[in-house]
Amino acid sequence: MYSSYQLLLAIGMVITGSINTLSVKWADNLKAKGSDGKERSFDHPFFQSLTMFFGEFLCLLFFKLAYRYHVKRQYPIEDSPIVKGNQQFNPFLFFVPAMFDLVATTLMYIGLTMTFASSFQMLRGAVIIFTAIFSKMFVHRQVSVRHWLGIFTIIIGLATVGISDLLSTDSNSKSTNDIILGDSLILFAQIITAAQMVYEEKYVVSNDIPPLQAVGWEGLFGFLMMGLLLVPFYYINVGPPLDGNNSRGVIEDFPEAITQIMNNKWILVALIGNIISIAYFNFSGISVAKEISATTRMVLDSVRTFFIWTFSLAVGWQTFNPLQPVGFLLLLIGMCIYNNLLKAVPRRLRTVVHYPTDEPIIGGEP
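Residues numbered from 1 in each chain as written. Predicted model: local features only at pLDDT ≥ 70, side-chain atom pairs only at ≥ 80, totals over all residues. Heavy atoms only, no water.

Turning our eyes to something else, we now look at the overall build of the chain. Each helix and strand counted, the chain has 12 helices and 2 strands in total. Mapped from its N terminus to its C terminus, the chain presents α and β elements in the order α-β-β-α-α-α-α-α-α-α-α-α-α-α. Taking all 366 residues of the chain together, 54% fall into the buried category. Taking contacts inside the chain between residues at least 6 apart in sequence as the whole, the part at least 24 apart equals 81%. As displayed, the chain has an accessible area near 16400 Å², and 67% of this comes from carbon and sulfur atoms. (Helix = DSSP H or I, 4+ residues; strand = E, 2+ residues; numbered from the N terminus. Buried < 20%, exposed > 50% of the residue type's maximum accessible area, 1.4 Å probe, protein only. Contact = heavy atoms within 4.5 Å. Areas by Shrake-Rupley, 256 points an atom, 1.4 Å probe, with all protein chains shown as cover.)

Below you can see the structure in the form of structure tokens.
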């Protein structure tokens, strides 16, 4: 039986994890007057990426407060799953994974403006495929037949989700080209996310750094770098669909984003929701992995996909397509096979050679 604390963590993970995606999509759908006085949708993926990194940075502040609390109260650091770990490390160790996270998150947010929120969440399941491949190449992990069976099932599920997107229409009349580009960007981002995870496993996990602290440092570096990039992005003109639908036709118009937020306070609410949910989701996700298991975290992550899909249908962000729940089911089955959660899988397929079921989970969550 789970304790009340564990249940609270699990419920909080599902709720805040769903809010992560829904708040970003909600902001994308909101409209407000820009710098030129014309009403436009809030199409600012780079700015939203900045707010996501700020949410991750809050994890570092929370860690520092928790660490100082334990020291002041003279509580044993080794007994706390939150602050337990090595403190003798170079913070710049997190710069490389932060850059991976920056590129991947931004690509996914751009893709989210072109496709559906539920598809965004489902397509992120592709990260398992690329993580397994990169782990075999760079960390020399042995991938068993069970893992390949799970990967093959996930690929079928991803293809089903992609086909359902092409057959779906929504109230915003998304074009086929936009949906294909959006889904492609999200899938490509999973390659970068997988590289981030393998890097973290090779260089971060081996140093026994507290996961919440790792997420916070990545958030800090990501926030600083994205903040710097917004300066040149303000002067680089591009064409649609990458011009952000802003008045100046540039990659990212930061002043216009602020103007739109001032003209529509609901955008601010959506952004604050994303920041807070990102911070708590990382805390609860890491805590679930430590208090229960990493596979439980994976299952809960799949549950939030269901909530995102049903919410999107309820508010009219997309129409029902019978292929999408089929794709979701295939993705869930594939993830369960990969993580050895299906008892029906033959025992010989569940044999793993030097490949732990509970894989390290460090990176931040968009």
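When the terminal C-alpha atoms of helix H2 (residues 45-73) are compared, their 42 Å separation across 29 residues agrees well with the 42 Å that a helix rising 1.5 Å per residue should span. Glutamine 74, located one to two residues past H2, shows a positive phi value of around 60°. (Expected span 1.5 Å × (residues − 1).)

On to the nonpolar core, then. Residues Phe46, Phe94, Ile154 and Leu158 are the most contacted members of the largest nonpolar core, which totals 59 residues. For this core, the element with the most residues is helix H3 (residues 95-112), which contributes 9 residues. Each residue touching phenylalanine 46, except ones within four places of it in the same chain, is listed here: Thr106, Ile110, Met226, Leu230, Phe233, Ile251 and Glu252. Formed by 17 residues, the second largest nonpolar core is a distinct cluster that contains Leu9, Met13, Ala66 and Val215. (Core = buried A, V, L, I, M, F, W, Y, C linked by side-chain atoms within 4.5 Å.)

We now examine the environment of proline 211. Along the polypeptide, proline 211 turns up in helix H8 (residues 211-233). Classification of proline 211 as buried rests on a relative accessible area of 12%. As a C-alpha pair, proline 211 and cysteine 59 span 152 residues in sequence and 9.7 Å in three-dimensional space.

Relative to the helices and strands, threonine 131 is located in helix H5 (residues 127-139). Within the local environment of threonine 131, its side chain forms a polar contact with the backbone oxygen of valine 127, the two atoms lying 2.6 Å apart. Sequence-distant contacts of threonine 131, defined by excluding residues within four places in its chain, comprise Ala194, Met197 and Val198. (Polar contact = N/O pair within 3.5 Å; in protein donor to acceptor, adjacent residues only side chain to side chain.)

It is worth spelling out the packing of aromatic side chains at this point. For the structure shown, the criterion picks out 21 aromatic pairs. Seen in terms of ring centroids, phenylalanine 54 and phenylalanine 57 are 6.3 Å apart; in terms of plane orientation they differ by 45°. Their pairing is tilted. Here phenylalanine 54 and its partner phenylalanine 57 are both found in helix H2, 3 residues apart, which amounts to about one turn of the helix. Owing to a relative accessible area of 31%, phenylalanine 54 belongs among the partly exposed residues under this scheme. Between phenylalanine 306 and phenylalanine 328, the ring centres sit 6.5 Å apart and the planes meet at 35°, which makes this aromatic pair tilted. Here the residue phenylalanine 306 occupies a position in helix H11 (residues 294-314), and phenylalanine 328 occupies one in helix H12 (residues 323-338), the gap between them amounting to 22 residues. When its relative accessible area of 39% is taken as the criterion, phenylalanine 306 is described as partly exposed. Linked through ring pairs, Phe306, Phe307, Trp309, Phe320 and Phe328 together constitute an aromatic cluster. We note arginine 248 situated over the ring of tyrosine 234; from NZ or CZ to the ring centre the distance is 4.0 Å. (Phe/Tyr/Trp six-rings, centres within 6.5 Å; stacked < 30°, edge-to-face > 60°. Lys NZ or Arg CZ within 6 Å of the ring centre and 35° of its normal.)

Another aspect to go through is the pattern of salt bridges. Tallied over the full model, the rule gives 1 salt bridge. Of the charged contacts in the structure, one is a salt bridge between aspartate 36 and arginine 40, with a shortest N-O distance of 2.7 Å. In this structure arginine 40 comes out as buried when scored by relative accessible area, which is 14%. (Salt bridge = Lys/Arg side-chain N within 4 Å of Asp/Glu carboxyl O.)

One non-glycine residue, glutamine 74, adopts positive backbone phi at about 60°. Its place among the elements puts glutamine 74 in the loop between H2 and H3. For glutamine 74, a relative accessible area of 71% gives the class exposed. If you check the backbone angles, aspartate 208 has positive phi at about 55° while not being a glycine. Looking at the element boundaries, aspartate 208 is found in the loop between helix H7 (176-204) and H8.

Where H3 meets H8, the closest approach of the two axes is 8 Å, and the angle between their N-to-C directions is 60°. With respect to H8, the element H3 is oriented oblique. Considering only the axes of H3 and H8, their crossing is right-handed. Packed against H3, whose contacting residues are Phe95, Pro97, Ala98, Met99, Asp101, Leu102 and Thr106, the element H8 presents Glu218, Phe221, Gly222, Met225, Met226 and Leu229 at the interface. Residue classes in the contact of H3 with H8 are distributed as 9 nonpolar, 2 polar and 2 charged. (Axes fitted to C-alpha atoms, helices over the stretch in contact; angles between N-to-C directions. Parallel < 35°, antiparallel > 145°, perpendicular 65-115°, else oblique. Left-handed = near helix turned anticlockwise from the far one by under 90°. Nonpolar A, V, L, I, M, F, W, Y, C, P; charged D, E, K, R; others polar.)

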